[in-house]
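Structural overview
What follows is each chain in one-letter form.
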Amino acid sequence: MVRYMTHTVETKLKIESWDEQPYRELEDGSKFSRAEVALAGSGDGLTSATFESLLFYRPDGTSSYVTLMRIAGALDGRSGSFVLEGRGTYDGTTARVQSQVIEGSGTGGLTGLRGSGESTSTHADYPFMPLTLRYEIG
């Protein structure tokens, strides 16, 4: 059995654009929305990211969402891209998302990438989105 070393990188991606549009609004004040977001790297090897989210907002403004994020750049000097699939919540103050690398999504030097990501952010973090990646490259 081959064992790989797990690496961790903590970064802050800069939010370049956020386009969110509701597509279904309900009588109780809840709604469904779709967001397209573009992010820039912060000089640690990750150069860019884009993600799309489907969100459900409750009448009180809290939400639950699912997301797909493509990240491009370099990890440990290996360049390529990969996709994270995540589920998150917003409690009115803090957004939290847990993600997994989609198997087979790594390209270039990141082919075979496995791992997870997590982000916890508040309005005080804006315009940055903190992201912690834990990964192995096989």
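Above this note sits the structure.
The following paragraphs examine the structure supplied in this document. (Residues numbered from 1 in each chain as written. Predicted model: local features only at pLDDT ≥ 70, side-chain atom pairs only at ≥ 80, totals over all residues. Heavy atoms only, no water.)

**Considerations on unusual backbone geometry**
For clarity, the threshold we go by: Secondary structure elements follow DSSP: runs of H or I no shorter than four residues count as helices, runs of E no shorter than two count as strands, and numbering proceeds from the N terminus.
Along the chain, Y126 connects to P127 via a cis peptide bond; the corresponding omega equals 15 degrees. With respect to the element layout, P127 can be found in the loop between strand 7 (113-122) and strand 8 (128-137). Here D76, not a glycine, exhibits a phi torsion of approximately 55 degrees, which is positive.

**Observations regarding the sheet that holds strand 1 (residues 7-25)**
The condition is simple: By this definition, two strands are paired if DSSP reports at least two bridges between them. Axes, fitted as lines to C-alpha atoms, cover a helix only where it is in contact. Angles between the N-to-C directions of the axes lie from 0 to 180 degrees.
Taken together, eight strands build a closed barrel; the order of strands is 1-2-3-4-5-6-7-8 and the barrel is antiparallel. In this sheet, adjacent strand axes meet at a mean angle of 25 degrees when their direction is disregarded. As defined by bridge partners, strand 7 adjoins strand 8 across six bridges and the pair is classed as antiparallel. Bridge pairing in strand 8 links R114 to E136.

**Focus on the nonpolar core**
A general tendency of soluble globular proteins is for nonpolar side chains to be buried together. The test is simple: The nonpolar core is taken to be a set of buried Ala, Val, Leu, Ile, Met, Phe, Trp, Tyr and Cys residues, with the residues joined through side-chain atoms within 4.5 Å. For every residue, the accessible area (1.4 Å probe, protein chains only) is compared with the maximum for its type, and the residue is labelled buried under 20%, exposed over 50%, or partly exposed between those bounds. Residues are treated as being in contact if the distance between any of their heavy atoms lies within 4.5 Å.
In this structure, L39, M69, I71, L75, F82 and L133 are the most contacted members of the largest nonpolar core, which totals 28 residues. Within the residue set of this core, elements represented by two or more residues are strand 1, strand 2 (31-40), strand 3 (46-57), strand 4 (63-75), strand 5 (78-90), strand 6 (94-101) and strand 8. Once residues within four sequence positions are removed from consideration, I71 is found in contact with L46, S48, A49, G80, S81, F82, L84 and L131.

**Some words on the pairing of strand 4**
Relative to strand 4, strand 3 runs antiparallel, the two being bridged by 11 bridges. For S48, the partnering residue across the bridge sits in strand 4 and is A72. Linking strand 3 to strand 4, which pair antiparallel, is a turn of five residues; within it G61 sits at a positive phi near 90 degrees. Bridging between strand 4 and strand 5 involves 13 bridges; their strand directions are antiparallel. Residue S64 lies in a different strand from strand 5, and its bridge partner there is T89. The antiparallel hairpin formed by strand 4 and strand 5 contains two residues in its connecting segment, where D76 sits at a positive phi of about 55 degrees.

**Describing the packing of aromatic side chains**
Note the cut-off: Working definition: rings of Phe, Tyr and Trp (its six-membered ring) pair if their centres are within 6.5 Å, and the pair is stacked with planes under 30 degrees apart, edge-to-face with planes over 60 apart, and tilted otherwise.
What the rule picks out here adds up to three aromatic pairs. With a centroid separation of 5.9 Å and an interplanar angle of 90 degrees, the aromatic rings of W18 and F51 are classed as edge-to-face. One end of the pair, W18, is in strand 1; the other, F51, is in strand 3, with 33 residues separating them in the sequence. Note on W18: relative accessible area 45%, which makes it partly exposed. Summarising the aromatic geometry, the rings of F32 and F56 are spaced 5.2 Å apart at their centres and angled 55 degrees between planes, so their arrangement reads as tilted. One end of the pair, F32, is in strand 2; the other, F56, is in strand 3, and 24 residues separate them in sequence. Using a relative accessible area of 25% as the deciding quantity, one classes F32 as partly exposed.

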